[in-house]
Each structure stands twice: as C-alpha cells, then as structure tokens.
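So the chains spell out like this:
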Amino acid sequence: MRDAITEIAIVPVGNVDRPLLEYLTLTLPEKFAAACVVRPIGFDIDDSYHATRQQHHSTRLLAKLRGLGGKRRKILGITDFDLFIPIFTFVFGEAEVGGCAALMSTHRLRQEFYGLPEDRELLFLRAEKEAVHELGHTRGLAHCRSFDCVMRFSNSVEQVDLKPFSFCPLCEARLHKRTGSNGCLNKYEENKLEEVHA
C-alpha cells in the first residue's frame, strides 16, 4: 500500500489532560486506519516561548516533533500552550503537509478561555476535529473550501464547532488515493467534485 502508515504517536507537549489523550487514541484509528498510542517523550520547549506574546512558536515545536516521526509513523503533538506563527495572532495547530509531524493546541478549544464554564465533552469533540484536521495535512491534504469537511480552515472556535468530524468526498478520495486503498474516485468524478467545491 502506498504511503500507508502503521502508527500515530500522540506526544504530549507539556502537561496535557491524560483522559483527552486516551480519548484520541480511541477515535483517531478509525479515521486513518492506523494504531494510535500515547508516547510521552520529553524535549526542551523553552526556545519556542515568546515572552512578549506569552505564546509558543508552533513551527519551532513542530521541528522538534519532526525528528520523532518516520516513513510509516505520524507524530501528533498535543499541548495546552497557546500557539502562534508570526503572521497570525494564534493558531489551533500546525502540520507539515505530506510530512510526518503535526501539532495542535487545546488552549483556545477550552470554554474557560472565553470566560465560560468548563465543558470537557465539548473540549474533547473540538480536539478530535483539530487532531483529524492536522493529521489530514500530514496525509497530503490542503485546506478545503467545503463547509462539510474537517479540512476547512478555522480561525475561530465557532468555526471549529460548525465543521464536521469527517472528510468531504473529495478529501476522502484523495486520502484513499494516497494510501492506495479501495473506494477512491476516478478522475472524472474527482473533477466533478472539484467543480462543486470551487
């Protein structure tokens, strides 16, 4: 099978809620047909911290995670730190498109960040969507314009809430095409779907 992955390693970056990590190990395998395990691996994160912004530079953390991956292993770093890249005020996550590493933050997925009561169920659902989104990038998927696709770009938590957990038919077909599994669309069907999403 082309580009098949055998493992998704979830790496906590800093202190991360263990039940959330365990929840993701149960929900991610069905999306990517790969085993999912938590692998606590410590590394220095001090050089990613920006004191003025009081945030961590996600690209620097991603570079550290990259070294832990491999051809058949994807790395998903999960942190509660607030993340940024210089051109954005914040990011929910970052990933290498077609690479082995992804990173996501739960910081702005928490209701408490917005001055609201804690809602762990909602946090877990939001985290699942963002984990699938970032891992989708590592499988070669770009942002999607379809409203019914988990690969749609979100720049607010409200937009995270509105998107589904699943890939649209076009992104699903592209995902299968990369893994060489059954169920991918032929070129005509793929062109038709691209017209709909244009």
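In this text, all values refer to a predicted model and were calculated from it rather than measured experimentally. (Residues numbered from 1 in each chain as written. Predicted model: local features only at pLDDT ≥ 70, side-chain atom pairs only at ≥ 80, totals over all residues. Heavy atoms only, no water.)

Asks: Would you mind going over the sheet that holds strand β2 (residues 35-38) with me for this structure?
Replies: Strand pairing in a sheet relies on backbone hydrogen bonds. The paired strands run either parallel or antiparallel. Strand order in the open sheet made by the 5 strands is β2-β1-β5-β8-β7, with mixed pairing throughout. With one partner strand each, in any of the chains shown, β2 and β7 (93-95) form the two edges of the open sheet. Taken pair by pair, the neighbouring strands of this sheet meet at an average axis angle of 20°, ignoring direction. When strand β1 (residues 7-13) meets β2, the two strands line up parallel, connected through 4 bridges. What sits directly across from Glu7, in β2, is Ala35. Relative to strand β8 (residues 101-105), helix α2 (residues 58-66) is tilted by about 135°, and along the sheet it contacts β1, β5 (73-79), β7 and β8. In the packing of helix α3 (residues 120-138) onto the sheet, contacts are made with β1, β5, β7 and β8, and the angle to β8 comes to roughly 155°. (Pairing = 2+ DSSP bridges. Helix = DSSP H or I, 4+ residues; strand = E, 2+ residues; numbered from the N terminus. Axes fitted to C-alpha atoms, helices over the stretch in contact; angles between N-to-C directions. Contact = heavy atoms within 4.5 Å.)

Asks: How do you make sense of the pattern of salt bridges when you look at a structure like this?
Replies: When charged atoms on two side chains of opposite charge get close, those side chains can pair. As enumerated under the stated definition, the model contains 12 salt bridges in all. Arg73 serves as the salt-bridge partner of Glu7, at 2.8 Å between the closest nitrogen and oxygen. With Glu7 in strand β1 and Arg73 in strand β5, the pair connects residues that are 66 residues apart, well separated along the chain. With relative accessibility at 26%, the residue Arg73 sits in the partly exposed group. Residue Arg108 is joined to Asp82 by a salt bridge in which the shortest nitrogen-to-oxygen separation is 2.8 Å. Separated by 26 residues along the polypeptide, Arg108 in the loop between β8 and α3 and Asp82 in the loop between β5 and β6 (83-84) bring together distant segments of the chain. Residue classification places Arg108 among the buried positions, given a relative accessible area of 15%. Connected through shared salt-bridge partners, Glu7, Arg39 and Arg73 make up one network. (Salt bridge = Lys/Arg side-chain N within 4 Å of Asp/Glu carboxyl O. Buried < 20%, exposed > 50% of the residue type's maximum accessible area, 1.4 Å probe, protein only.)

Asks: Quick question: what am I supposed to make of the state of the cysteines here?
Replies: By definition, a disulfide links the sulfur atoms of two cysteines through a covalent bond. For the coordinates displayed, the defined rule picks out 0 disulfides. With no disulfide of its own, Cys144 lies 3.8 Å from the sulfur of Cys168, the closest cysteine sulfur. Overall, the relative accessible area of 9% leaves Cys144 in the buried class. The thiol of Cys149 is not disulfide-bonded; the next cysteine sulfur, from Cys168, is found 3.7 Å away. (Disulfide = S-S within 2.5 Å.)

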